[in-house]
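Chain and residue survey
So you can see what is in the structure, the chains are spelled out below.
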Amino acid sequence: MSVVPSAYLNNTSSVPDWLNKGDNAWQLIAGTLVGLQSIPGLVILYGSIVKKKWAVNSAFMALYAFAAVVICWVAWAYKMAFGHKLLPFWGRAGASLGQDFLLSQSKLPASTHYFKGHQVVETAMIAPFYPTASMVWFQCVFAAITLILVAGSLLGRMNIRAWMMFVPLWLTFSYTVGAFSLWGGGFLFQWGVMDYSGGYVIHLSSGIAGFTAAYWVGPRLKKDRERFPPNNVLLMLCGAGILWMGWSGFNGGDPYAANTDSSIAVLNTHVCAATSLLMWTCLDVIVFGKPSVIGAVQGMITGLVCITPGAGLVQGWAAIVMGILSGSIPWCTMMIIHKKWKPLQAVDDTLGVFHTHAVAGLLGGLLTGIFAEPELCNLFLPVTNSKGAVYGGVGGAQVGKQLVGGLFIIGWNLVVTSIICVVIRFIVPLRMSEEELLIGDDAAHGEEAYALWGDGEKYDQTKHGYGFMTDETLHSDDRKSIGAAQVV
């Protein structure tokens with residue numbers, strides 16, 4: 001008779017029979033990897049990809065959003081996204097703070113799927129082998145990064161007080177709707193729309209919401225729109241690298257288990273991202289004659305976004321095809337269509353979130369409907385026998401489902417984001433004042449990213465000590481270097 005080592009015996013009150021230690025460990029690690037994408041990943045990326053005078057403000061918008069979402073999530077939002085059904089697209093609000101709830105086995109109560117027209121269960125309720133606390137944390141960091149992505153469209157001019165109001169409102173009335181509809185057991189989940197890890201819930205919604213909010217907030221200063229160089233390209237690459245590697249948890253954690261599907265999801269993620277980065281870089285070289293580092297980061301992001309809705313549902317060759325398309329189609333919309341189509345030019349989307357997340361997210365959702373492999377679908381989806389269009393049969397209808405799901409997310413975010421912005425505008429201005437926009441971080445926070453006098457800082461004779469020079473002289477185009485620091 002074999003003897004089970006004591007380390008593997010579930011013989012304590014903290015290790016119930018239903019707990020799978022490996023699944024629980026992976027889910028906590030995956031969630032933390034996604035959290036690291038935001039803090040410090042996007043904090044670093046945002047703080048370094050903008051002009052020096054907006055570095056602090058941009059980084060703080062991300063930091064604030066993460067903290068605010070964590071509190072709102074456990075106070076009421078988690079159950080709106082993954083709790084009992086209130087409406088076909090929304091769960092019933094409630095706190096996720098009680099010990100009994102958090103230590104019980106994780107369950108998504110609205111996720112039971114029945115055969116069409118019958119009361120016979122087709123797919124049982126999602127019930128991973130770890131406590132609810134692990135699920136709450138995992139889903140929390142997804143919600144947080146979505147709000148931070150929205151911020152990417154608004155950098156360089158949004159009133160920080162308006163942003164502080166926007167975050168909990170948009171989380172409550174927009175994000176929870178998409179999450180419940182597609183993941184928590186809502187009508188799109190039951191219909192069989194595929195969104196493996198957030199191509200629609202996170203990226204399409206953040207791209208559309210960011211673009212819509214950018215319209216209501218208004219543009220940056222004209223000179224900022226015309227020239228907005230990154231203040232630190234190397235730090236930008238550091239933030240981008242954290243974002244890329246963190247995607248292993250982003251897509252690898254969504255089977256809710258440390259299983260074979262999570263493995264293929266992780267590999268597909270990096271294959272698609274690498275392909276997309278190379279494709280974007282090649283297009284930059286062909287069209288502009290030189291590779292762009294910022295362009296490479298954009299290509300990396302579009303590849304990660306595109307594979308997200310199908311990471312564990314497509315084969316490796318399909319991930320490469322999706323990478324080629326995600327490195328070229330968003331490139332075309334950003335570099336060609338955007339520059340020729342006035343409605344796109346009229347909205348100041350600071351980091352091009354519409355292209356990198358909305359376009360790439362919708363593209364990924366549609367391509368998932370084409371390439372989803374039947375056996376992989378059966379490992380993950382509630383609707384049995386689902387498959388992509390290339391596999392024939394009912395697969396052709398899947399593309400239509402993907403399109404409808406995408407249109408729902410687009411329409412909901414256009415309307416709800418607009419309502420939220422209009423409501424906030426009655427309370428505080430959405431946009432900073434002209435004087436604050438001229439100065440930047442020093443006016444918004446009284447802090448600066450670097451201890452160097454330069455772009456955006458208001459000249460103070462007592463502070464800088466060059467009494468013979470005026471502010472206008474120091475800001476003139478023909479100024480000379482002052483000491484070791486160039487005023488750029």
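Position numbers for residues count from 1 along each chain, tracking the sequence in the order it is written. In view of the model being predicted, local features appear only for residues whose pLDDT reaches at least 70, and side-chain atom pairs are presented and counted only at 80 or more, with totals across whole chains, interfaces and linings using the full set of residues. With hydrogens and water excluded, all non-hydrogen atoms of the structure serve as input to the side-chain values.

With that out of the way, let us pick up the packing of helix α2 (residues 55-82) against helix α4 (residues 132-151). When two helices pack together, you describe them by how their axes are tilted relative to each other and by the distance separating the axes. Only the stretch in contact is used when fitting a helix axis, every axis being a line fitted to C-alpha atoms; angles between N-to-C directions are given from 0 to 180 degrees. Where helices and strands are cited, they refer to DSSP runs of H or I of at least four residues and of E of at least two residues respectively, numbered from the N terminus. Running from N to C, α2 and α4 point in directions that differ by 130°, and their axes come no closer than 8 Å. What the angle tells us is that α2 and α4 run oblique. The handedness of the crossing between α2 and α4 is right-handed. In this structure, α2 contributes M61, A62, A65, F66, V69, V70, W73, V74, Y78 and F82 to the contact, and α4 contributes T132, M135, V136, W137, Q139, C140, V141, A143, A144, L147, I148 and A151. Here the residues of the contact of α2 with α4 are counted per class, giving 20 nonpolar, two polar and no charged. Orientation categories follow fixed angle ranges, with anything under 35 degrees roughly parallel, anything over 145 roughly antiparallel, 65 to 115 roughly perpendicular, and all other angles oblique. If you view the pair so one helix is near and one far, a crossing is left-handed when the near helix is turned anticlockwise from the far one by less than a right angle, and right-handed when it is turned clockwise. In this description, contact between two residues means that some pair of their heavy atoms is separated by no more than 4.5 Å. Polar here means any residue other than Ala, Val, Leu, Ile, Met, Phe, Trp, Tyr, Cys and Pro, which are nonpolar, and Asp, Glu, Lys and Arg, which are charged; Gly is therefore polar.

Another point: the nonpolar core. A general feature of soluble globular proteins is that nonpolar side chains tend to end up buried together. Of all hydrophobic cores here, the largest spans 102 residues; its most connected members are W73, W163, F166 and Y175. Residues C272, V314, L363 and L367 belong to the second largest nonpolar core, which totals 18 residues. Joining through side-chain atoms within 4.5 Å is the link that ties buried Ala, Val, Leu, Ile, Met, Phe, Trp, Tyr and Cys residues into a set, and such a set is a nonpolar core. Summary of the burial criterion: residues with accessible area below 20% of their type's maximum are buried, those above 50% are exposed, and those between are partly exposed, where the area comes from a 1.4 Å probe applied to protein chains only.

Let us now look at unusual backbone geometry. The omega torsion across I39 and P40 is 20°, close enough to zero to call that bond cis. Secondary-structure assignment places P40 in helix α1 (residues 21-49). Phi is positive for Y256, close to 60°, though the residue is something other than glycine. With respect to the helices, strands and loops of the structure, Y256 is situated in the loop between α9 (233-252) and α10 (260-288). Positive phi outside glycine occurs at N385, with the angle close to 65°. Inspection of the secondary structure puts N385 in the loop between α16 (374-380) and α17 (395-425). Relative accessible area serves as the criterion here: at 57%, N385 is assigned to the exposed category.

Further remarks concern a nonpolar patch on the surface. Patch membership requires over 30% relative accessible area and the absence of a salt bridge. Like charges are linked within 9 Å, and nonpolar side chains (Val, Leu, Ile, Met, Phe, Trp, Tyr) within 5 Å. Here, Shrake-Rupley sampling with a 1.4 Å probe gives the accessible areas, and only protein chains in the shown set may cover a residue. In what follows, salt bridge is the name for a side-chain nitrogen of Lys or Arg lying within 4 Å of a carboxyl oxygen of Asp or Glu. A contiguous nonpolar patch, built from L414, V415, I419, V423, F426 and I427 and spanning about 610 Å² of accessible area, is present on the exposed surface. Relative to the helices and strands, L414 resides in helix α17.

With that out of the way, let us pick up the pattern of salt bridges. Applying the stated criterion across every chain, the model contains seven salt bridges. A salt bridge links K222 to E226, with the shortest nitrogen-to-oxygen separation between them at 2.4 Å. With K222 and E226 both in helix α8 (residues 222-226) and four residues apart, this pair spans about one turn of that helix. Side by side, K222 and E226 carry an identical accessibility label, which is exposed. Residue D348 pairs with R225 through a salt bridge whose shortest N-O separation is 3.6 Å. Of the two residues, D348 is situated in the loop between α14 (342-345) and α15 (353-371) and R225 in helix α8; the sequence distance between them amounts to 123 residues.

Whenever a pair of cysteine sulfur atoms sits within 2.5 Å, that pair is classed as a disulfide. Scanning the model with the defined rule gives zero disulfides in all. C272 takes part in no disulfide bond, and the closest cysteine sulfur to it belongs to C306, at a distance of 5.1 Å. Take C272: its relative accessible area is 0%, and that puts it in the buried class.

What follows deals with empty space enclosed by the protein. Grid spacing is 1 Å over the protein atoms alone, the probe is 1.4 Å, and a cavity is where that probe fits but cannot get out, while a pocket is an open set with protein on both sides within 12 Å along at least five of seven lines and lining residues have an atom within 4 Å of a point. Grid points are joined across faces, edges and corners, and a volume is the space filled by probe spheres set on the points. One pass over the structure, following the stated rule, counts two cavities of 30 Å³ or more. Residue lining of the largest cavity: 14 residues in total, with L45, Y46, Q298, I301 and L351 positioned closest to the centre. Of all the elements in the fold, those that place two or more residues in the lining of the largest cavity are α1, α11 (293-307) and α15. Its residues assigned to classes, the lining of the largest cavity comprises eleven nonpolar, three polar and no charged.

Scored between 0 and 100, pLDDT is the confidence that the predictor attaches to each residue. Here the protein chain averages 90 in pLDDT, while 90% of its residues score no lower than 70. Of all helices and strands in the protein chain, the one with the weakest mean pLDDT is helix α21 (residues 471-474) (39), whereas α4 scores best (98).

With that settled, the discussion passes to the packing of aromatic side chains. Each pair of aromatic rings taken from Phe, Tyr and Trp, with Trp reduced to its six-membered ring, is defined by centres within 6.5 Å and is described as stacked if the planes are under 30 degrees apart, edge-to-face if over 60, and tilted in the remaining cases. Counted according to the given criterion, the structure contains 21 aromatic pairs. Ring centres of F211 and F354 lie 4.9 Å apart, and the angle between their planes is 40°; on these two criteria the pair is classed as tilted. Highlighted residues: F211 in helix α7 (residues 199-217) and F354 in helix α15, separated in sequence by 143 residues. The class for F211 is buried, based on a relative accessible area of 17%. Members of the aromatic cluster, each reached through a chain of ring pairs, are F89, W90, F173, F187, F408 and W412.

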